Amino acid sequence: MEIKNDNDRRLWIRIKSIDKKIDGLGKIGSKDFDWLKWEELTDESAILHSQLSFHRDIVNSLIKKWG
């Protein structure tokens, strides 16, 4: 993953923060594992990943190629 600008850097810091929260939930499937919180955090992470410039570059190139 390439960080191209300050926006990518801010997004990446937020993504890493979410990753730590996910890790803090414990082992998937354990008795106290919070599936709703896990789903919320993974959804938020996916949204942030889609805002990174390299992802937008890929989407834009596909739009140009396939319209």
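Going by the structure above, here's the rest.
Residues numbered from 1 in each chain as written. Predicted model: local features only at pLDDT ≥ 70, side-chain atom pairs only at ≥ 80, totals over all residues. Heavy atoms only, no water.

**Focus: the environment of glutamate 40**
Note the cut-off: Working definition: helices are DSSP H or I runs of at least four residues, strands are E runs of at least two. Numbering for both runs from the N terminus. Only protein chains enter the calculation, and the probe is 1.4 Å; a residue is then buried if its accessible area is under 20% of its type maximum, exposed if over 50%, and partly exposed in between.
Of note, glutamate 40 is situated in helix H2 (residues 35-50). Residue classification places glutamate 40 among the partly exposed residues on the basis of a relative accessible area of 44%.

**Side note on the side chain of serine 53**
The test is simple: Definition of a polar contact: a pair of N or O atoms within 3.5 Å, with one able to donate and the other able to accept a hydrogen when the atoms are protein atoms, and with sequence-neighbouring residues admitted only if both atoms are side-chain atoms. By the convention used here, residues are in contact when the closest approach between their heavy atoms is within 4.5 Å.
Within the element layout of this structure, serine 53 appears in helix H3 (residues 53-66). Among the residues examined, serine 53 registers a relative accessible area of 5% and is labelled buried. A polar contact is formed between the side chain of serine 53 and the side chain of aspartate 8, at a distance of 2.5 Å. Setting aside chain neighbours within four positions, we find serine 53 in contact with Lys4, Asn5 and Asp8.

**Brief notes about the nonpolar core**
Generally speaking, soluble globular proteins have nonpolar side chains that are buried together. Defined as follows: Think of a nonpolar core as a cluster: buried Ala, Val, Leu, Ile, Met, Phe, Trp, Tyr and Cys residues, connected wherever their side-chain atoms sit within 4.5 Å.
Ranked by size, the top nonpolar core spans nine residues in total: Leu11, Ile15, Ile18, Ile22, Leu25, Phe33, Leu41, Leu48 and Leu52. Residue assignment for this core shows that the elements contributing at least two residues are helix H1 (6-24) and H2. Take this core: its biggest share by element is four residues, from H1. Ignoring sequence-local partners within four residues, the contact set of phenylalanine 33 consists of Leu25, Gly26, Lys27, Ile28 and Trp38.

**A word on the pattern of salt bridges**
Rules: Only one rule defines a salt bridge in this text: a Lys or Arg side-chain nitrogen within 4 Å of an Asp or Glu carboxyl oxygen.
Tallied over the entire structure, the rule returns four salt bridges. Across the pair aspartate 6 and arginine 9 runs a salt bridge, and its minimum N-O distance is 2.8 Å. Of the two residues, aspartate 6 and arginine 9 are both situated in helix H1; the distance of three residues between them amounts to about one turn of the helix. On the basis of relative accessibility, which here comes to 43%, the residue arginine 9 falls in the partly exposed class.

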